[in-house]
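# Tertiary structure, described
One letter stands for each residue in the lines below.
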Amino acid sequence: MSSPAAPRFVLAVDVGGTKVESALVDDRGVVLASSRHRAATGARASSEELAVALTTAVRQTRLSLPTGADLVGVGIGCAGPIHLQQGAVSPLNLPVWREYPLKDLIVALVPDLPVRLRMDGLCITLAEHWVGAGKGVDNLMGMIVSTGIGGGLILGGVTVSGPTGNAGHIGHIEVGGFDDPCACGGVGCIEAIASGPKTVAWARTRGFTGESGEDLAEAYSTADPTAIAAVTRSGRALGQAIASAATLLDLDVVTIGGGFANVTPDLLDFARETIARRVQFAYATRVRVLPSALSGDGPLIGAAALIHRAELVP
């Protein structure tokens, strides 16, 4: 039997379009590095392969629990859309999972523990509020700009999930002046314009020969005109989406993380410049757009916060 002072860990799970990852996170929001396990996912993986990857990662992480420590629950963040009441997921970038019973899969692995599922954008927002760039901010939107674009909301000091669990999914807000088709069926969605792969794809239609966000970042650093045009375009689209959200929700802070958010600090500057054009809406232009302070740990910390900071998650 553990002592009252025993370390308390949550088994955090992050499911995205390119990888699944799990780790133990303590009640200070610190990831136990030795417990971290990951596996590739991707659009070409079968449903069974995804389930095996996830199951293996979770089992390996649970075996990493330090002697004498308590495991108090499992938090799952998954790319959307999700189906909160059913505990199912339909990630846009994982087409073989449609209404897949993700929560049931995890519950079967840890039947003795509470399990909570939320959209990954909400989890990253929780992490930023808990230990990141939005610490203590009660009206916050967190964004992930990576393979896709996700988001989550904390309003009045509590998370907003909505009845299906998909509130805050800003990646599929359409922005004016763009006609890029989106996999969701929309036209001009911010994910179809400003995600890493879509920004690179746009640049390639204009002669860019690189293949990744890293290639685009390198080209931008050398003042390549196509790379500059691509990043400027994506930053402007991000700014339009954020300005719309701030106008609707009266936000204090927007935090932006994810791999492509690091293409250049100028990306956020372009977004800020676009927001500032709403000159008649001071309550919206006051929003602060900040880079994430969480590096690559944010999704796992946020998944753990579903248990550690349960008071913020109705």
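On a predicted model such as this, the values are computed, not experimentally measured, just so you know.

## Let's talk about the overall build of the chain
Per the secondary structure count, the chain includes ten helices and twelve strands. Relative to the globule expectation of 20 Å for 314 residues, the C-alpha radius of gyration of the chain, 19 Å, shows essentially globular dimensions. By its C-alpha atoms, the chain is 60 × 40 × 35 Å across when sized along the principal axes. The 314 residues of the chain split such that 55% are buried. Of all intrachain contacts in the chain linking residues separated by at least 6 positions in sequence, the fraction that spans at least 24 positions is 65%. Both charge centroids of the chain, one from 24 positive and one from 29 negative side chains, sit 2 Å from each other.

## Examining the sheet that holds strand β1 (residues 8-15)
Sheet strands associate in pairs through backbone hydrogen bonding, adopting either a parallel or an antiparallel arrangement. Strands sit in the order β3-β2-β1-β4-β7 across an open sheet of five strands; the sheet is mixed. Strands at the two margins of the open sheet, each flanked by one partner only, are β3 (37-40) and β7 (115-119). Taking each pair of neighbouring strands and ignoring which way they run, the sheet shows an average axis angle of 15°. The strands that helix α10 (residues 298-308) touches are β1, β2 (19-26), β4 (70-78) and β7; relative to β1, the one it contacts most, it runs at about 130°.

## Section: the domain arrangement of the chain
What the domain assignment reports for the chain is domain 1 (8-120 + 306-312) and domain 2 (133-291). Counting residues at the interface gives 13 residues for domain 1, matched by 20 residues for domain 2. Taken together, both faces of the contact between domain 1 and domain 2 bury some 1,100 Å²; the carbon and sulfur share is 54%. The largest share of the area that domain 1 buries against domain 2 comes from L92, M119 and L312, three residues that together contribute 48% of it. Where domain 1 packs against domain 2, one counts four residue pairs in polar contact (both at pLDDT 80 or more). Going through the elements one at a time, β5 (82-83) and β7 are the ones with two or more residues in the side of domain 1 that touches domain 2. For the side of domain 1 that touches domain 2, a count of residues per class yields six nonpolar, five polar and two charged.

## Here's the deal with the pattern of salt bridges
One side chain can pair with another of opposite charge once the charged atoms of both are near each other. Applying the stated criterion to the full structure yields eleven salt bridges. Measuring nitrogen to oxygen at the nearest pair gives 2.5 Å for the salt bridge that ties R36 to D297. Taken together, the residues R36 in the loop between β2 and β3 and D297 in the loop between β12 (288-291) and α10 connect sequence positions 261 residues apart.

## Notes on the sheet that holds strand β8 (residues 140-145)
Strand order across the open sheet formed by five strands is β10-β9-β8-β11-β12, with mixed pairing between neighbours. In the strand order of this sheet, the two ends are held by β10 (158-160) and β12, each with one partner. Taken over all neighbouring pairs, the strand axes of this sheet differ in orientation by 25° on average, direction set aside. Most of the contacts of helix α8 (residues 266-275) go to β12, to which it runs at about 175°, and overall it touches β11 (253-257) and β12.

What counts as what
Residues numbered from 1 in each chain as written. Predicted model: local features only at pLDDT ≥ 70, side-chain atom pairs only at ≥ 80, totals over all residues. Heavy atoms only, no water. Helix = DSSP H or I, 4+ residues; strand = E, 2+ residues; numbered from the N terminus. Rg over C-alpha atoms; globule rule 2.2 N^0.38 Å. Buried < 20%, exposed > 50% of the residue type's maximum accessible area, 1.4 Å probe, protein only. Contact = heavy atoms within 4.5 Å. Lys, Arg positive; Asp, Glu negative; His and termini not counted. Charge placed at Lys NZ, Arg CZ, Asp CG, Glu CD. Pairing = 2+ DSSP bridges. Axes fitted to C-alpha atoms, helices over the stretch in contact; angles between N-to-C directions. Domains from an automatic or database assignment. Buried area = accessible area lost by both parts, 1.4 Å probe. Polar contact = N/O pair within 3.5 Å; in protein donor to acceptor, adjacent residues only side chain to side chain. Nonpolar A, V, L, I, M, F, W, Y, C, P; charged D, E, K, R; others polar. Salt bridge = Lys/Arg side-chain N within 4 Å of Asp/Glu carboxyl O.

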